[in-house]
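Secondary and tertiary structure notes
One-letter residues, chain by chain:
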Amino acid sequence: LDLKDPKVYKLLAAGKTGGIFQLESPGMTKVLTSMKVDSFEDIVASTSLFRPGPVKMIPKYVESKEGKIEIEYYDESLKGILEKTYGVIVYQEQIIEIVQTFAGFTLAKADILRRAIGKKDINEINRLKEEFYAGAKELGRDEKTTKNIYDLIYEFSEYGFNRSHAFAYSVISYQLAYLK
């Protein structure tokens, strides 16, 4: 299917989501209508944002997308990672990239943090916090910015979703919306 069919996005933005996998709950319908979903990336993001940790970031995502607030990347080095999601951490994969870029984590260490987030292992997340701060300091990062970024990562850990999972769910959702 063409993932750019405007009729699909019009249907979703209008909240006509009954019978559509992952999108039919009243809360998700509200997300899609407030987001004015107009792309496949919006479906993927909404699937990830409508989770206990990231849900509080939905207003920022929507307002940034609409240009109502300036997109904030926290540090210029994170712009390439957060640009597609309007400055909001939406996916576990973004966490991996952020800790590598901002604090110099190896891919292996970044994946340990991702795994700890996925398992909601607060002890491991807190243990890695010290290494994050040390790595950021070594790279000359501002302490306040470092704290802000780690706080975002910690909040995200309440139930962050990975993009690959959200993408697969969204393909099914899109197909059902298309058929509808």
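Notes on the structure follow.

Right, let's get into the pattern of salt bridges. Inspection of every chain in the model, using the stated rule, returns 13 salt bridges. Notably, a salt bridge pairs Arg-163 with Glu-41, separated by 2.9 Å at the nearest N-O pair. A residue pair is termed long-range when its members are at least 10 positions apart, and Arg-163 in helix H10 (residues 163-179) and Glu-41 in helix H3 (residues 40-49) qualify at 122 residues. Glu-41 gets classed as partly exposed once you look at its relative accessible area, which sits at 25%. One network of salt bridges, with partners in common, ties together Lys-109, Glu-124, Arg-127 and Glu-131.

Moving on: the packing of helix H6 (residues 92-103) against helix H8 (residues 122-138). Between H6 and H8, the least distance of the axes is 7 Å, while the angle of their chain directions is 45°. The orientation of H6 relative to H8 falls into the category oblique. Along its contact with H6, which presents Val-99, Phe-102 and Ala-103, the element H8 presents Phe-132, Gly-135 and Ala-136. Partitioning the contact of H6 with H8 into residue classes produces five nonpolar, one polar and no charged.

Attention shifts here to the environment of Ile-153. Its place among the elements puts Ile-153 in helix H9 (residues 143-156). By relative accessible area, Ile-153 is classed as buried at 0%. Residues within four places of Ile-153 in sequence aside, it is in contact with Ile-95, Ile-98, Val-99, Leu-113, Ile-117 and Phe-132.

With 53 residues, the main nonpolar core has Leu-49, Leu-113, Phe-132 and Ile-153 as its most contacted residues. No other element matches H6, which puts six residues into this core. Beyond its immediate sequence surroundings of up to four residues, Leu-49 is in contact with Met-35, Pro-54, Val-55, Met-57, Ile-58, Tyr-61, Val-88 and Val-90.

Reading guide: rules and limits
- Residues numbered from 1 in each chain as written.
- Predicted model: local features only at pLDDT ≥ 70, side-chain atom pairs only at ≥ 80, totals over all residues.
- Heavy atoms only, no water.
- Salt bridge = Lys/Arg side-chain N within 4 Å of Asp/Glu carboxyl O.
- Helix = DSSP H or I, 4+ residues; strand = E, 2+ residues; numbered from the N terminus.
- Buried < 20%, exposed > 50% of the residue type's maximum accessible area, 1.4 Å probe, protein only.
- Axes fitted to C-alpha atoms, helices over the stretch in contact; angles between N-to-C directions.
- Parallel < 35°, antiparallel > 145°, perpendicular 65-115°, else oblique.
- Contact = heavy atoms within 4.5 Å.
- Nonpolar A, V, L, I, M, F, W, Y, C, P; charged D, E, K, R; others polar.
- Core = buried A, V, L, I, M, F, W, Y, C linked by side-chain atoms within 4.5 Å.

By themselves, these are just geometric observations and shouldn't be taken as functional.
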